[in-house]
Each structure stands twice: as structure tokens, then as C-alpha cells.
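Commentary on secondary and tertiary structure
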Amino acid sequence: MECSESLELVDKFACGHILSRMFNVVMKHSICDLLEDGPKHYSEISKIIGFKDDSFCYRLMRYFVPRKLFNENQDGTFSKTPYSTEFSNNGTLKKLAKFHCNSFHTKLSQVLPETLELGENQGPSSLGLSSYWEQLGNNEIFKNEFNDGMIGYTTHILKFLKGKFDLSKFETVVDIGGAHGFLIGGLLDTFPNVNGINFDTEMFINSTNEKYQHPRLKHVSGDFFKSVPEADCYLMKLILRCFSDDKCREILKIISKSMKPNGKIIILDIILDSSNYLKFDTYLDILMMETVDGKQRSLCEWIKLFETSGFKIDKYESGSPNYLIISKE
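Considering the overall build of the protein chain
Check the secondary structure of the protein chain and you find 17 helices and 12 strands. For the protein chain, whose C-alpha radius of gyration is 22 Å, the value lies close to the compact-globule estimate of 20 Å for 329 residues. Taking all 329 residues of the protein chain together, the buried fraction comes to 47%. Nonlocal contacts in the protein chain, meaning residues at least 24 apart in sequence, comprise 63% of its contacts between residues at least 6 apart. Counting every atom, the protein chain has about 16900 Å² of accessible surface; 52% of that belongs to carbon and sulfur. Across the protein chain, the centroid of the 39 positively charged side chains sits 3 Å from that of the 44 negatively charged ones.

The structure is reproduced here in C-alpha cells:
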């Protein structure tokens, strides 16, 4: 291995903390958007975003050139790349990326070694919080970034969900933990005979300023550990990953009580595949461990969870996005 190659390995495995913090600055100042209408000199970018020293802006931009976020030109200008466009308003990843690289997540990661060594979540408690969700009530900036990130992810995957499953045979579809309602709202446009309910806790429904509006959609608050609205189909996007197996079984059994005969639950969540791990999936598993004491699951783990909750898998698909359709045994 060449010397330069070996040092690239150091950057890849040991320097991620710098990458996240540098990218946080890029997202904070919407630098990717600044390049969408054409190349700009680093001094111009520095002036727009309010840096005191142009050379520091140059070093920020240069850092991302070998990472293919920006192109550097000989006249001192920088131009966009396909990557930077994805993180601009012309792409679909800006809100999601801004959420994941926020300062709160950086602080939580400081005690990740202790979490791993002790086998117990140390993240929120290290910051004096009783839970990850407490931060939504404590910090308006984080609350907005959380909601924007969830809307960003939902908007991103909706375009990949077309044709994946058919909701037309259902009368009412309830999105469990839908927060803003963008998932069920977007699906209602595809299925004109379906009525939708966006169901979440009062905190989540009221924490977002951008609820999806649709004539066939109702926003209903409640506690899915106690009861859920009656329906013949339920959606859960990235909900069960936030809970232990025991808590997941509680949720599934509550849904089972309200689900109409021949009803289905569609779960949009990661299916870990040891033959083809995706980096982002394994990152999310660690994030769940450090933030909410949850986890991502393999297909075997999903099957075991459903079987011990009185459900069986009717259909599943591994890919992007992953989903499982289950029904009562």
C-alpha cells in the first residue's frame, strides 16, 4: 500500500469528527445552494456567509474538493457537483443531512465509548436529559431541524415508494407516529379512494409547523402504547427501530386490538443484510443505540419479533426503501 493510500485510511476511520463538523458549517450557511447558479470565488462566498477571514472560507471549500462535494477552479472559484446539488434546495437530502450533523448529535456521540463498554445508553443522560425526546421541548432549533429532517426523509423516499404496495383496497390507513403527515398525505394523492389518519403524540403533532394538508387526511393525537384509531391498514415509518423488542410487542398488540379483519401493517424500516450492509443503515443502528436505546433489525430479528407478537410476514422487500407487510397469524 502506498503511503498516501495508508493515510487516506486514517482520514476514513479516524477523522470523521472533523468531517461532520465541517459539513455542519456547509449546511448551516447553505453553501451548496450558493453554487447552484454558477461558480463563485471563495472570497465572495466568505462575504455572503459572514466569515471574517476569506482564507478560512477557502480552506473549508478546499477540504471538500477531494470528497467530491465541490470542484475547485484555477481562478479561485468553486463550482457545484452532483453531490452538492443533492444537498441544496434543488436536491432531496438537505434537510435530512442538516439534522444528522447538528451539534446535539455531536455532543451525544462524545459518550458513545461508554455506551458500548457499559452496554447501556449514556447519551441523553450525559447532557442532563431524561430522554432524547426531551430536547424537542428544550431547544427550538433542534425541534425545527428534527421536523425538517423527518420531512426531508419522507419526501426523499416517497418517490421510491410508487408501485411498491397497493393501498386501494383499504378504506382507512393510519400512519402511526406520522408527526407531520407527509407520508400518508403523499400516498393519498396516489390512492383517491383511501382516507388517512396521521396519528402521533400531541407533542409531535404540535411540534411541527408544517403539517400536510389534504381533504381526506385527519391529524389525530394520542398514545400508541394505549390505543390507536380503528382501521384496516396501518403504516409505521422508522418507528419500531426506536424501541426495544418488548416495547415493540406492546405497540403491535395495541394495533392488533383496533385492526379490522384481514387488516395489514406496512412497516417502512431497515432490514439489515449481513451480505450487503449499507453504511447509512449501520450508522442508524448506532444512532438508535445512543439516542433512544433502540436498534435496527435483520430479517431474522423482524421475523422473531412478529411471531412473538401474533403476526406473520406476508411480503417484504430489501432495498431502498425497505418495507415489510404483516398480518395477524
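So, next bit.
Re unusual backbone geometry
A positive phi angle, near 55°, is found at Ala179, a position not held by glycine. Along the chain, Ala179 falls in the loop between β4 (172–176) and α13 (182–188). Backbone geometry at Asp293 places phi at a positive 60°, although glycine is not the residue there. Along the chain, the position of Asp293 falls in the loop between α16 (279–291) and β10 (297–298).

Considerations on the packing of aromatic side chains
In this structure the tally under the stated criterion is 23 aromatic pairs. Both rings, one in Tyr42 and one in Tyr58, keep their centres 5.0 Å apart while their planes meet at 55°; by these two values the pair is tilted. Of this pair, Tyr42 sits in helix α4 (residues 42–49) while Tyr58 sits in helix α5 (residues 54–63); the two residues are 16 residues apart in sequence, bridging distant segments of the chain. With relative accessibility at 24%, the residue Tyr42 sits in the partly exposed group. Plain terms: the ring middles of Phe224 and Phe243 are 6.2 Å apart, the flat faces sit at 85° to each other, and that makes the pair edge-to-face. Of this pair, Phe224 sits in the loop between β6 (217–221) and β7 (231–237) while Phe243 sits in the loop between β7 and α15 (245–258), and the two are 19 residues apart along the sequence.

Comments concerning the pattern of salt bridges
According to the stated counting rule, one finds 13 salt bridges in the structure shown. When the shortest N-O distance is used, the salt bridge between Glu317 and Lys164 registers 2.5 Å. Here Glu317, found in strand β11 (residues 311–317), pairs with Lys164, found in the loop between α12 (140–161) and β4; they are 153 residues apart in sequence, far enough to count as distant. When salt bridges with common partners are traced through the structure, they connect Asp245, Lys295, Arg297 and Glu301 into a single cluster.

Thoughts on the sheet that holds strand β1 (residues 40–41)
Strand order in this open sheet of three strands is β1-β3-β2, and the pairing throughout is antiparallel. Edge strands, defined here as strands with exactly one partner in the open sheet, are β1 and β2 (70–72).

Topic: the sheet that holds strand β5 (residues 195–200)
A sheet is described by the order of its strands in space; here seven strands give the open sequence β6-β5-β4-β7-β8-β12-β11, paired in mixed fashion. A single partner strand is all that each edge strand has here, and the edge strands are β6 and β11. When the angles between neighbouring strand axes are averaged without regard to direction, this sheet yields 20°. Bridge count for β5 against β6 is five bridges, and the pairing is parallel. Counted as the bridge partner of Ile197 is Lys218 from β6. The sheet strands contacting α15 are β4, β7, β8 (259–268), β11 and β12 (323–328), and the helix crosses β8 at an angle near 145°.

As for the side chain of Thr172
Examined against the element boundaries, Thr172 turns out to sit in strand β4. Owing to a relative accessible area of 13%, Thr172 belongs among the buried residues under this scheme. Those residues in contact with Thr172, other than ones at most four positions away along the chain, are Asn195, Ile197, Glu230, Ala231, Asp232 and Cys233.

Criteria and thresholds
Residues numbered from 1 in each chain as written. Predicted model: local features only at pLDDT ≥ 70, side-chain atom pairs only at ≥ 80, totals over all residues. Heavy atoms only, no water. Helix = DSSP H or I, 4+ residues; strand = E, 2+ residues; numbered from the N terminus. Rg over C-alpha atoms; globule rule 2.2 N^0.38 Å. Buried < 20%, exposed > 50% of the residue type's maximum accessible area, 1.4 Å probe, protein only. Contact = heavy atoms within 4.5 Å. Areas by Shrake-Rupley, 256 points an atom, 1.4 Å probe, with all protein chains shown as cover. Lys, Arg positive; Asp, Glu negative; His and termini not counted. Charge placed at Lys NZ, Arg CZ, Asp CG, Glu CD. Phe/Tyr/Trp six-rings, centres within 6.5 Å; stacked < 30°, edge-to-face > 60°. Salt bridge = Lys/Arg side-chain N within 4 Å of Asp/Glu carboxyl O. Pairing = 2+ DSSP bridges. Axes fitted to C-alpha atoms, helices over the stretch in contact; angles between N-to-C directions.

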